[in-house]
Amino acid sequence: MIKKIIQEKIYNIFNKTFEGVSIDISDVDIVDSKKVEHGDYATNISMKYAKKLNMNPLQIAEKISNQLKSDTETFFDDVVYIKPGFINFKINSLIFNRILKDIYKNRERYGSGIKKNDKLIVEYVSANPTGYLHLGHLRNAAVGDSVCRILKFYGFDVQSEYYINDYGNQIKMLGKSLEVRVKNLMGENIEMPEDGYQGEYLLKVAEDFLLAFPDTTSLKSNNFEEFAKDYLLEEIKKDLKSLNIDFDNWYSEKEKIHETGLLEKTLNKLDNLNAIYDKDDARWIKTSEFGDADDWVLIKSDKSSTYFLSDIAYHEDKVNRGFDRIINIWGADHHSHVSRLKASMKSLGNSQTHFDFLMIQFVRLLKDGKDISMSKRSGQYTTIKDLLSLVNKDVVRFMMVTRSSDTHFDFDLNQCLQDSDENPVFYIQYANARINSIIKKSGVSELDINKMDIIESDKEIKLIKEIIGFEDAIKDSAQSLSPHKLTFYLQNLAKEFHSYYKSTKILNENQDQVMSRLVLITTIKFILSNGLQLLGASSPEEM
RNA sequence: GCGCCAGUAGCUCAGCUGGAUAGAGCAACGGACUUCUAAUCCGUAGGUCGGGGGUUCGAAUCCCUCUUGGCGCGCCA
């Protein structure tokens with residue numbers, strides 16, 4: 001909010017001072033000064049408009065800062081222009097105090113965006129219900145859930161969705177695999193097919209299957225498929241629950257696309273739009289005409305449909321459900337699907353809806369510097385259950401979003417098993433717990449902002465500036481779909497607090513001063529616990 | 001061969017819609033507990049931003065090119 005005020009001031013002065021040159025208010029960037037000598041905030045507007053004004057940036061800066069100095073009395077302590085053309089602002093501490101009070105009054109709502117009209121859908125995880133969730137899904141899940149929470153907090157109407165791939169070859173094979181395991185348990189010595197699901201987990205499913213169907217004589221393949229799929233989907237839901245993740249919608253491919261006739265409808269629509277053609281006994285979509293490198297098969301020569309056709313139908317359905325923005329969070333190994341899906345949507349004439357794709361790069365699990373993502377002995381992936389048995393859920397959630405999703409990420413077990421230094425989650429949680437402890441100790445039950453002393457110390461002003469930065473952190477994270485920005489912000493805020501804590505005794509005899517400090521740290525606590533919550537992590541009151 | 005992502009301090013990574021002397025955490029080194037939780041703090045050291053061109057007042061950031069690594073290029077999902 002403070003930047004907005006400065007922005008408007010400059011915008012107005014610019015218009016008054018330089019008539020004839022139109023300025024876009026969004027061009028007036030107000031940034032945090034990186035160095036103390038450069039004041040609190042700065043702008044580079046005079047360099048930006050030097051060419052348009054045909055003036056030396058320094059001259060422009062001079063004119064603007066002179067105006068700012070003359071027409072404001074209490075807002076700025078100082079306005080200086082410097083070398084290439086930057087204008088630096090030093091804000092009056094009374095302004096900071098006023099802002100702190102405003103923020104405190106908003107409590108946990110501080111940082112939230114104004115309500116936006118856009119309806120968003122975020123699809124993520126969407127792992128096939130043919131096995132347990134593993135490490136590869138984990139990052140996707142953590143990023144997806146955090147993105148949803150942040151977007152909601154930022155003011156969007158957000159729905160999260162899990163696309164259940166419960167139709168087609170994989171499910172058939174899953175059914176067959178379970179059948180083999182069940183028969184194995186009953187003493188039949190038959191082999192698992194080459195492309196069957198070899199994992200040991202199916203033995204457990206088979207055991208439970210026999211408990212549910214003791215009499216196997218009249219069973220059909222259908223029974224195996226349904227049982228295995230439902231069973232594993234439940235396990236997936238349990239795993240997600242243990243990560244503090246819940247979806248608004250569970251979208252069944254079978255029920256929503258195949259049993260409703262949506263697949264044929266979509267195919268017909270494409271056909272009517274002249275977007276498909278026949279070749280080699282198959283039906284192809286002309287994605288190459290809409291920006292993709294190749295055409296793709298929708299109907300195979302055996303007349304069955306491909307996964308891709310379902311995917312087109314699914315996204316056509318998302319569009320028809322009225323979403324303004326469709327966000328898909330996919331594994332990076334699916335990146336080629338982006339251009340072909342986009343091309344298909346274009347061929348269907350869906351140009352209004354905005355598509356975003358977040359590609360999640362691979363995660364490796366490191367222990368003692370070695371990659372243990374996949375157990376060499378059994379050929380099994382590390383599951384979410386495995387990992388959660390080793391590492392605290394909060395740590396997992398947080399660590400999984402600390403890196404930008406388009407870089408590879410090494411999850412270091414040694415680091416996460418530490419209780420201190422190396423572990424950023426505890427660092428933040430500890431700050432929160434410390435604040436809570438001080439509040440308790442103070443015995444002040446009701447904070448009164450009218451009894452506050454004026455905050456003027458450098459360290460405290462710095463903290464207020466950091467608090468103000470939360471709004472930007474949320475905005476940046478939301479707009480770029482990057483939860484990692486929030487993790488960096490929170491670590492920084494915690495750091496500033498710890499430093500302040502060490503340097504300043506918060507509780508003392510001066511009641512007004514204590515009150516102002518309590519308001520300050522309580523505001524930090526609101527942000528820390530809220531920020532952790534947005535990342536799916538908890539904020540214990542005591543540690 | 002084509003496409004996507006990445007290459008920044010010893011390690012893991014921010015910064016990338018161009019801005020001031022390139023940042024953080026860890027590791028290393030040196031300090032701080034009679035004081036609200038030392039799961040903490042303070043300080044030191046550490047860099048040809050993969051290489052080379054270009055664009056301009058100004059490039060880690062934009063363009064071109066080369067290079068290294070990961071991933072993808074099915075009538076699989």
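Residues numbered from 1 in each chain as written. Chains lettered and ligands numbered in written order. Predicted model: local features only at pLDDT ≥ 70, side-chain atom pairs only at ≥ 80, totals over all residues. Heavy atoms only, no water.

1. Quick word on the overall build of chain A
The following threshold applies: Going along the chain from the N terminus, every DSSP run of H or I of four or more residues is numbered as a helix, and every run of E of two or more is numbered as a strand. Burial classes follow relative accessibility: with a 1.4 Å probe on protein chains only, a residue under 20% of its type's maximum area counts as buried, one over 50% as exposed, and anything between as partly exposed. Contact between two residues is taken to exist if any of their heavy atoms lie within 4.5 Å; hydrogens are not considered. The accessible surface values rely on the Shrake-Rupley method and a 1.4 Å probe; as for residues, cover is taken only from the protein chains in view. Positive charge is attributed to Lys and Arg, negative charge to Asp and Glu, and no charge count is given to His or to the chain ends. A charged residue contributes its charge at one atom only: NZ of Lys, CZ of Arg, CG of Asp or CD of Glu.
A count of helices and strands for chain A gives 20 helices and 15 strands. Considering only C-alpha atoms, chain A reaches an extent of 90 × 60 × 40 Å along its principal axes. Here chain A, with 543 residues, has 52% of them falling under the buried criterion. Residue pairs in contact within chain A that sit at least 24 positions apart in sequence constitute 71% of those at least 6 positions apart. About 26500 Å² of surface is accessible on chain A, with carbon and sulfur atoms providing 47% of the total. Of the side chains in chain A, 72 bear a positive and 82 a negative charge, and the two mean positions are spaced by 4 Å.

2. As for the pattern of salt bridges
Heads up, the rule is: Criterion for a salt bridge: a side-chain nitrogen of Lys or Arg within 4 Å of a carboxyl oxygen of Asp or Glu.
By the definition in use, this model includes 32 salt bridges. For glutamate 235, the salt bridge identified is with lysine 385, shortest N-O distance 3.3 Å. One end of the pair, glutamate 235, is in helix α9 (residues 221–242); the other, lysine 385, is in helix α14 (residues 384–390), and 150 residues separate them in sequence.

3. Overview of helix α1 (residues 2–17)
We apply this condition: One fewer than the residue count of a helix, multiplied by 1.5 Å, yields its expected span. Working definition: the arc comes from the directions between the helix axis and the C-beta atoms, pointing outward to the latter.
The end-to-end C-alpha separation of α1 is 23 Å, in line with the 22 Å expected for 16 residues at 1.5 Å each. Buried residues of α1: Ile2, Lys3, Ile6, Gln7, Ile10, Ile13 and Phe14, and no others. An end-on view of α1 places all buried positions within 135° of arc, on one side of the element. Of the exposed residues in α1, the ones pointing more than 90 degrees away from its buried face are Lys4 and Lys16.

4. Re the nonpolar core
Which entries qualify depends on this criterion: To define a nonpolar core, start from buried Ala, Val, Leu, Ile, Met, Phe, Trp, Tyr and Cys residues and group those joined through side-chain atoms within 4.5 Å.
Ranked by internal contacts, the top residues of the largest apolar core, which has 120 residues, are Phe89, Ile91, Leu151 and Phe411. Considering every element that reaches this core, the biggest residue donor is helix α20 (residues 511–534), with 12 residues. In this structure, leucine 151 is in contact with Leu120, Val122, Phe156, Val158, Ile327, Ala478 and Leu481, ignoring residues within four places of it in sequence. Within the second largest apolar cluster, 29 residues are counted, among which are Tyr251, Leu262, Tyr314 and Trp330.

5. Details of the protein's contact with RNA strand B
Threshold: In this text, near means that some heavy atom of the residue lies within 4 Å of the molecule or strand in question. Counted as a polar contact is a pair of N or O atoms within 3.5 Å, where, for protein atoms, one must be capable of donating a hydrogen and the other of accepting one, and residues adjacent in sequence contribute only when both atoms are in side chains.
In the vicinity of RNA strand B, 64 residues are found, and the nearest of them are Phe86, Asn165, Gln170, Tyr427 and Tyr430. Sugar plus phosphate: this is where 64% of the atoms of RNA strand B within 4 Å of the protein reside. One of the side-chain N or O atoms of lysine 34 is found 3.0 Å from a phosphate oxygen in RNA strand B. Between RNA strand B and histidine 408 there is a distance of 2.9 Å, counted from a phosphate oxygen to a backbone nitrogen or oxygen. Elements supplying a minimum of two residues to the surface near RNA strand B: β4 (86–91), α13 (336–347), β15 (409–412), α17 (424–442) and α19 (483–503).

6. A word on the domain arrangement of chain A
Much of the literature gives interface size as the accessible area that the parts lose upon coming together. Condition: Segmentation of the chain into domains, including their bounds, is taken from an automatic or database domain assignment. Reported buried area values correspond to the accessible surface (1.4 Å probe) lost by two parts on association, with both partners' losses combined. In this count, Pro and Cys sit with the nonpolar residues alongside Ala, Val, Leu, Ile, Met, Phe, Trp and Tyr, while Asp, Glu, Lys and Arg are called charged and the others, Gly among them, polar.
Taken domain by domain, chain A consists of domain 1 (2–91), domain 2 (97–115 + 421–534) and domain 3 (124–254 + 361–417). Its C-alpha centre places domain 2 at a distance of 38 Å from the equivalent point of domain 3. Across the interface of domain 2 and domain 3, roughly 2200 Å² is buried in total on both sides, 69% from carbon and sulfur atoms. When residues of domain 2 are sorted by the area they lose upon contact with domain 3, Val425, Pro483 and Leu534 head the list and together hold 25% of the total. On the surface where domain 2 and domain 3 come into contact, there are 0 salt bridges. Taken together, the connections running from domain 2 to domain 3 amount to 5 residue pairs in polar contact (both at pLDDT 80 or more). The set of elements that each furnish at least two residues to the side of domain 2 that touches domain 3 consists of α17, α18 (458–479), α19 and α20. Within the side of domain 2 that touches domain 3, the residues separate by chemical class into 15 nonpolar, 12 polar and 5 charged.

7. Some points on the sheet that holds β15
Filter applied, for reference: Pairing between two strands requires that DSSP report at least two bridges joining them. Angles here are taken between N-to-C directions and fall from 0 to 180 degrees, while the axes themselves are lines fitted to C-alpha atoms, restricted in helices to the stretch in contact.
The strand order β14-β13-β15 describes an open sheet built from 3 strands, whose pairing is mixed. At either end of the open sheet lies a strand with only one pairing partner, and these are β14 (370–371) and β15. Across 4 bridges, the pairing between strand β13 (residues 363–367) and β15 is parallel. In the sheet register, arginine 364 faces β15, and the bridge partner there is aspartate 410. Each of β13 and β15 is contacted by helix α15 (residues 393–400), which is oriented at about 160° to β15, the strand it contacts most.

8. Focus: the side chain of serine 33
The residue serine 33 is located in the loop between β1 (30–32) and β2 (41–43) in this model. Within the local environment of serine 33, its side chain forms a polar contact with the backbone oxygen of histidine 38, the two atoms lying 2.7 Å apart. Non-local contacts of serine 33, meaning those with residues more than four positions away in its chain, are made with His38, Gly39, Asp40, Tyr41, Ala42 and Asn88.

9. Concerning a nonpolar patch on the surface
The test is simple: Residues form patches when they are more than 30% accessible in relative terms and have no salt bridge. Like charges link within 9 Å. Nonpolar side chains (Val, Leu, Ile, Met, Phe, Trp, Tyr) link within 5 Å.
There is a patch of nonpolar side chains on the surface, built from Leu185, Met186 and Leu203 and spanning about 240 Å² of accessible area. Inspection of the secondary structure puts methionine 186 in the loop between α7 (169–185) and α8 (201–212).

10. A closer look at the packing of aromatic side chains
Formally: When the centres of two rings from Phe, Tyr and Trp lie within 6.5 Å, Trp using its six-membered ring, the rings pair. Their planes under 30 degrees apart give stacked, over 60 give edge-to-face, and anything left gives tilted. A ring is considered to have a charge above it if a Lys NZ or an Arg CZ atom is located within 6 Å of its centre and within 35 degrees of its normal.
Under the counting rule described, the total for this entry stands at 27 aromatic pairs. Between phenylalanine 76 and phenylalanine 89, the ring centres sit 5.3 Å apart and the planes meet at 25°, which makes this aromatic pair stacked. Within this pair, whereas phenylalanine 76 is found in strand β3 (residues 76–82), its partner phenylalanine 89 is found in strand β4, the two being separated by 13 residues in sequence. The exposure classification of phenylalanine 76 matches that of phenylalanine 89, with both residues buried. Between phenylalanine 355 and phenylalanine 357, the aromatic rings sit 6.2 Å apart at their centres with planes inclined by 10°, giving stacked as the arrangement. The burial state of phenylalanine 355 is the same as that of phenylalanine 357; both residues are buried. Put simply, the rings of Phe209, Phe213, Phe224, Phe227 and Tyr231 touch in pairs and so form one group of aromatic residues. Here the guanidinium or amino end of lysine 237 rests over the ring plane of tryptophan 250, the centre of that ring lying 4.6 Å away.

11. As for the packing of α18 against α20
Defined as follows: We call two directions roughly parallel when the angle between them is under 35 degrees, roughly antiparallel when it is over 145, roughly perpendicular when it lies between 65 and 115, and oblique otherwise. Crossing handedness is read from the near helix: turned anticlockwise from the far helix by less than a right angle, it gives a left-handed crossing, and turned clockwise, a right-handed one.
For the pair α18 and α20, interaxial distance at closest approach is 11 Å and the crossing angle is 30°. In terms of their interaxial angle, α18 and α20 are classed as roughly parallel. For α18 against α20, the interelement crossing comes out left-handed. Here α18 contributes Glu460, Leu463, Ile464, Ile467, Phe470 and Ile474 to the contact with α20, which in turn contributes Arg517, Leu520, Thr523, Ile524, Ile527, Asn530 and Leu534.

12. A closer look at the pairing of strand β8 (residues 276–279)
Examined bridge by bridge, β8 and strand β9 (residues 282–285) share 4 bridges and lie antiparallel to one another. The partner of tyrosine 277 across the bridge, within β9, is tryptophan 284.

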